[in-house]
Each structure stands twice: as C-alpha cells, then as structure tokens.
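Examining the three-dimensional arrangement
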There are 2 protein chains.
Amino acid sequence: MESAIKTVVGQFVSSARGKESLNKDSFQKLVQRQLGNIMADTDSSSSVKEMMQGLDENHDGKVGFQEYLTLIGYLANSLSESKTKTQTATN
Amino acid sequence: MESAIKTVVGQFVSSARGKESLNKDSFQKLVQRQLGNIMADTDSSSSVKEMMQGLDENHDGKVGFQEYLTLIGYLANSLSESKTKTQTATN
C-alpha cells in the first residue's frame, strides 16, 4: 500500500513538472492518461474544465496538491461504494 | 494510478472484513503491515491508539472510510513535502 500512496503523490509531482499546481493542460493529460478508466468524460475538454473548476477551491485556475487529493478521495469513495455494493450483492 | 487508488480502497475493505469501520485491532494490523515503513511507531499499541483517536472525527471508537482517507491524505502530504524538498535539494 505504501507504493500505492507514493504512486498517487508521484503522479502529481511528475505532472506538475516542478510547479506547485497543475494547470489545465497538465490536469487534462493526467486525468486522460491515468484516470480514463475510472472517470467519465476525460476526453472531453469541457468536462475536464468543469471538473477542474469543481476542485479549484481557492479559485486560482489551477489544481493544487490538496485539490488533487480531493479528487483522489472522491474516486476512492466511488470505488468503495461500488465495491460495497458488489459485496452485498454476492454475499 | 487507477490500481493505486483501488489498492487504497481494497486495503480498507479487506481490513474491515465486511464491516463499515476498522476497530482498534484491525486498524493496528493495517498500519503495522501496510504502513510500517512510512509511519513512525506503528509497533507501539499506545501510539496507534493515539493515532486512531486523532483520526476518529465522529468519536465512535473506530476508523471509518472517510477517517481512513484522512490518514492517507496525511501520509500523501508528508511524502509530497519530502519529495519537494528532495527535488529542491537536487535541482
């Protein structure tokens, strides 16, 4: 699990390319390449923009690390709910 | 990265063994076995208890999924800070 957490952190760090936040382009690349299978509409530029605005708590037009963790938490929640449902269905 | 998020979710689900939260024993096992290299004092029962109380926002004596995600976010932040420091040091 430690490597999983490191992967989540490393993905942000490498996508941000030395900066503190992801701009629209780097955020779009990240979700397209890394989260395309568990998120909807990652190929749509307008959807990704909306997603980004939803995460951008401090309204600086970028996705900072905390805002990125919000997305990861949201995805973890979605996956957790679907897992629990599957478990209930098969138990 | 998708598998990393799934690992984080799956670890909670398997540790909780069908329940919605981790009790003290299952939380201790999880941090000892899965996070011993990136967290301090995971072998100390009293430290793990303190850690658990720190996470237990709703004071039910257990660690729910949101509370677990708080821990993951906290660890991700620590790793991110040390990564940024390393980058700054080597650049």
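Our subject is the structure listed above.
Presented here is a report on the structure given in the accompanying data block.

Reading guide: rules and limits
- Residues numbered from 1 in each chain as written.
- Chains lettered and ligands numbered in written order.
- Predicted model: local features only at pLDDT ≥ 70, side-chain atom pairs only at ≥ 80, totals over all residues.
- Heavy atoms only, no water.
- Least-squares fit on C-alpha atoms with pLDDT ≥ 70 in both.
- Contact = heavy atoms within 4.5 Å.
- Patch = residues over 30% accessible without salt bridge, like charges linked within 9 Å, V, L, I, M, F, W, Y side chains within 5 Å.
- Areas by Shrake-Rupley, 256 points an atom, 1.4 Å probe, with all protein chains shown as cover.
- Salt bridge = Lys/Arg side-chain N within 4 Å of Asp/Glu carboxyl O.
- Lys, Arg positive; Asp, Glu negative; His and termini not counted.
- Charge placed at Lys NZ, Arg CZ, Asp CG, Glu CD.
- Helix = DSSP H or I, 4+ residues; strand = E, 2+ residues; numbered from the N terminus.
- Phe/Tyr/Trp six-rings, centres within 6.5 Å; stacked < 30°, edge-to-face > 60°.
- Buried < 20%, exposed > 50% of the residue type's maximum accessible area, 1.4 Å probe, protein only.

Moving on, we get to the relation of the copies chain B and chain A. With an RMSD of 0.0 Å, chain B superimposes on chain A once it is rotated by 180° and translated 0.0 Å along the axis. In the structure described here, the two chain copies are related by an operation that fits a two-fold rotation axis. It is B:Ala4 whose C-alpha, among those of chain B, lies nearest the rotation axis, at 2.2 Å. Mapped onto chain A, 100% of the interface residues of chain B again fall at the interface, so both copies present the same surface.

We now examine a positive patch on the surface. Residues A:Arg17, A:Lys19, A:Lys29, A:Arg33 and A:Lys62 make up a contiguous surface patch of positive charge. With respect to the element layout, A:Lys62 can be found in the loop between α3 (45-55) and α4 (65-90).

Tallied over the full model, the rule gives six aromatic pairs over all chains. Relative to B:Tyr68, the ring of B:Phe12 lies with its centre 5.0 Å away and its plane at 45°, an arrangement referred to as tilted. Of this pair, B:Phe12 sits in helix α1 (residues 2-16) while B:Tyr68 sits in helix α4 (residues 65-90), placing them 56 residues apart in sequence. Residue class for B:Phe12 comes out buried when judged on its relative accessible area of 5%. Judged by its relative accessible area of 0%, B:Tyr68 falls in the buried class. Three or more aromatic residues link up through ring pairs in this structure, and these residues are A:Phe12, A:Phe65 and A:Tyr68.

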